[in-house]
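Structural overview
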Amino acid sequence: MSLRIVVCVKYVPDATGDRHFADDLTVDRDDVDGLLSELDEYAVEQALQIADDFDGDGDAEITVLTVGPEDAKDALRKALSMGADKAVHVEDDDLHGTDVIGTSLVLAKAIEKTGYDLVICGMASTDGTMGVLPAILAERLGVPQVTLLSDVSVEDGLVKGRRDGDTASELLEASLPAVVSVTDQSGEARYPSFKGIMAAKKKPVQSLDLEDLEIDADEVGLAGAWTAVGSAAERPARTAGTIVKDEGEGGKRLAEFLASQKFI
Ligand SMILES: Cc1cc2nc3c(=O)[nH]c(=O)nc-3n(C[C@H](O)[C@H](O)[C@H](O)COP(=O)(O)OP(=O)(O)OC[C@H]3O[C@@H](n4cnc5c(N)ncnc54)[C@H](O)[C@@H]3O)c2cc1C
């Protein structure tokens, strides 16, 4: 028996960097360092734990998959150094400007080509943050989706998990093959060990383009996008705050200031 897990990981601009839009209102990815989306590290961690638990029952294999530019290989290497077995990188110049509809198409085709029993996604990317990709992906693959899990396991051909809401926790399950997404409450992601980093250098990374996936260029890119960015403006620079000095009447002056701003 085997369990083929595909983890979708996104290479995102570093949120601590200075980020800008390009002239065509897409994110200027050349101008800022990128990294593996932190929220996808949780997905990799859950895949590793599921594979460990499955070990006695057969072979589990973890493939990490990204759709992204050349540098997105860095995100794959990080996931491989955490312990994933192999990686698939989809890259094509025609992907520039692809929205979530196009990205889900590319991921679905790559996942079908790779073969899968379970697809694990993060709860949202840290740049686009739409949080809808896992659901669209499940629809495209024609398999059940169990999203926003804070606990996940595989047992007897089922994926089981807990979704924590404001008023209740739901215990959910679906038959495999399935797509799940995991939250940042699912368990701390491990740091790659030195051994893991060295081993990752030798793990296979398969490169695919749109032709390999039999996707026409006009189904993706800005032309194929269902959404369009109308305008974008830099956030205005922060203005200096008001300092209320305490010269004996600090409390009174603070209250007056808060009242003038209608806070009290
Ligand atoms: C070169 C390039 C240019 C792009 N340009 C644009 C653009 O101009 N406008 C636009 O709207 N979108 C663009 N995209 C797509 C966009 O970056 C998102 O991947 C896509 O819209 C999904 O939205 P999200 O990140 O908010 O997904 P969410 O639904 O927030 O993501 C949830 C989960 O889906 C998985 N996931 C999401 N994206 C990827 C990915 N790329 N690879 C692997 N797993 C993924 C992760 O597991 C993630 O945690 C571009 C993508 C690429 C590669």
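Remember, predicted model here, so these are calculated numbers, not experimental data. Counting restarts for each chain: residues are numbered from 1 in the order of the written sequence. Side-chain atom pairs in this predicted model are given and counted only at pLDDT of 80 or more, local residue features only at pLDDT of at least 70, and totals for whole chains, interfaces and linings cover all residues. Only heavy atoms go into the side-chain values, all of them from the structure, while hydrogens and water stay out.

**Some words on the overall build of the protein chain**
Let me state the cut-off plainly: A run of H or I in DSSP counts as a helix once it spans at least four residues, and a run of E counts as a strand once it spans at least two, with each numbered from the N terminus. Residue exposure (1.4 Å probe, protein chains only): buried if accessible area is under 20% of the type maximum, exposed if over 50%, otherwise partly exposed. Contacts were defined at the residue level, with two residues in contact if any of their heavy atoms lie within 4.5 Å.
Looking only at helices and strands, the protein chain features seven helices and twelve strands. Viewed in the frame of its principal axes, the protein chain has a C-alpha envelope of about 75 × 45 × 40 Å. Per-residue burial over the protein chain gives 39% buried out of 264 residues. Taking contacts inside the protein chain between residues at least 6 apart in sequence as the whole, the part at least 24 apart equals 71%.

**Looking at helix α4 (residues 133-141)**
Our working definition: In this description, the arc belongs to the directions extending from the helix axis to the C-beta atoms.
Within the sequence span of α4, burial applies to Leu133, Pro134, Leu137, Ala138 and Leu141. Around the axis of α4, the buried residues are gathered within 135° of arc, so they sit on the same side. Looking at the buried side of α4, the elements it contacts are β1 (2-8), α3 (100-114), β6 (118-122), β7 (145-149) and β11 (178-182). At the C-terminal side of α4, Gly142 shows a positive phi close to 70°.

**Digging into unusual backbone geometry**
Between Leu176 and the following residue, Pro177, the backbone shows a cis peptide bond with an omega angle of 0°. Here Pro177 shows up in the loop between β10 (169-175) and β11. Despite not being glycine, Leu25 has its phi angle at roughly 65°, a positive value. Turning to its location among the elements, Leu25 is positioned in the loop between β2 (11-13) and β3 (34-36). On the accessibility criterion, Leu25 (22% relative accessible area) is partly exposed. Positive phi values are uncommon outside glycine, yet Lys262 reaches one of about 65°. In this structure, Lys262 sits in the segment after α7 (250-260). On the basis of relative accessible area, Lys262 is assigned to the exposed category, the value being 73%.

**Looking at the side chain of Thr98**
Which entries qualify depends on this criterion: Contacts described as polar in this section are N or O atom pairs within 3.5 Å, which, within protein, must combine one atom able to donate a hydrogen with one able to accept it, while residues neighboring in sequence count only if both atoms come from side chains.
If you trace the backbone, Thr98 turns up in the loop between β5 (86-90) and α3. A polar contact of 3.0 Å, which involves the side chain of Thr98, links it to the backbone nitrogen of Gly221. Thr98 has contacts with Thr103, Val220, Gly221 and Leu222, leaving out every residue within four places of it along the chain.

**Notes on empty space enclosed by the protein**
Selection criterion: Method remark: on a 1 Å grid restricted to protein atoms, a set of points is classed as a cavity if a 1.4 Å probe fits but cannot get out and as a pocket if it is open with protein on both sides within 12 Å along at least five of seven lines; lining residues have an atom within 4 Å of a point. Grid points are joined across faces, edges and corners, and a volume is the space filled by probe spheres set on the points. Residue type decides the class: Asp, Glu, Lys and Arg count as charged, Ala, Val, Leu, Ile, Met, Phe, Trp, Tyr, Cys and Pro as nonpolar, and the leftover types, Gly among them, as polar.
Within the structure shown, the criterion is met by one cavity of 30 Å³ or more. Lining the largest cavity are Tyr11, Val12, Pro13, Arg29, Val32, Gly34 and Pro69. Per-element tally for the lining of the largest cavity: the top contributor is β2, with three residues. Among the residues making up the lining of the largest cavity, the classes are represented as five nonpolar, one polar and one charged.

**Side note on the pairing of β11**
Rules: By definition, two strands form a pair when at least two bridges between them are found by DSSP.
With five of five residues buried, β11 is to be regarded as a mostly interior element. Residues Ala178, Val180 and Val182 point to one face of β11 and Val179 and Ser181 to the other, with burial holding for every one of them. In the sheet, β6 pairs with β11 via five bridges, with the strands oriented parallel. Within the sheet, the bridge partner assigned to Ile120 lies in β11 and is Val180. Here β7 runs beside β11; their pairing, made up of three bridges, is parallel. Residue pairing across strands places Val146 opposite Val180, the latter belonging to β11.

**Quick word on the sheet that holds β11**
Worth spelling out the cut-off: To obtain each axis, a line is fitted to C-alpha atoms, and for helices this fit is confined to the stretch in contact; angles are then taken between N-to-C directions over 0 to 180 degrees.
Overall, parallel pairing links the seven strands, which are arranged β7-β11-β6-β1-β4-β5-β12 in an open sheet. Looking at the sheet topology across the chains shown, the edges are occupied by β7 and β12 (205-208). Ignoring strand direction, the axes of neighbouring strands in this sheet form an average angle of 20°. Strand direction decides the pairing type here: β1 and β6, joined by three bridges, are parallel. Residue Val6 lies in a different strand from β6, and its bridge partner there is Val119. In the packing of α3 onto the sheet, the strands contacted are β1, β4 (59-67), β5, β6 and β12, and the crossing angle to β4 comes to about 150°.

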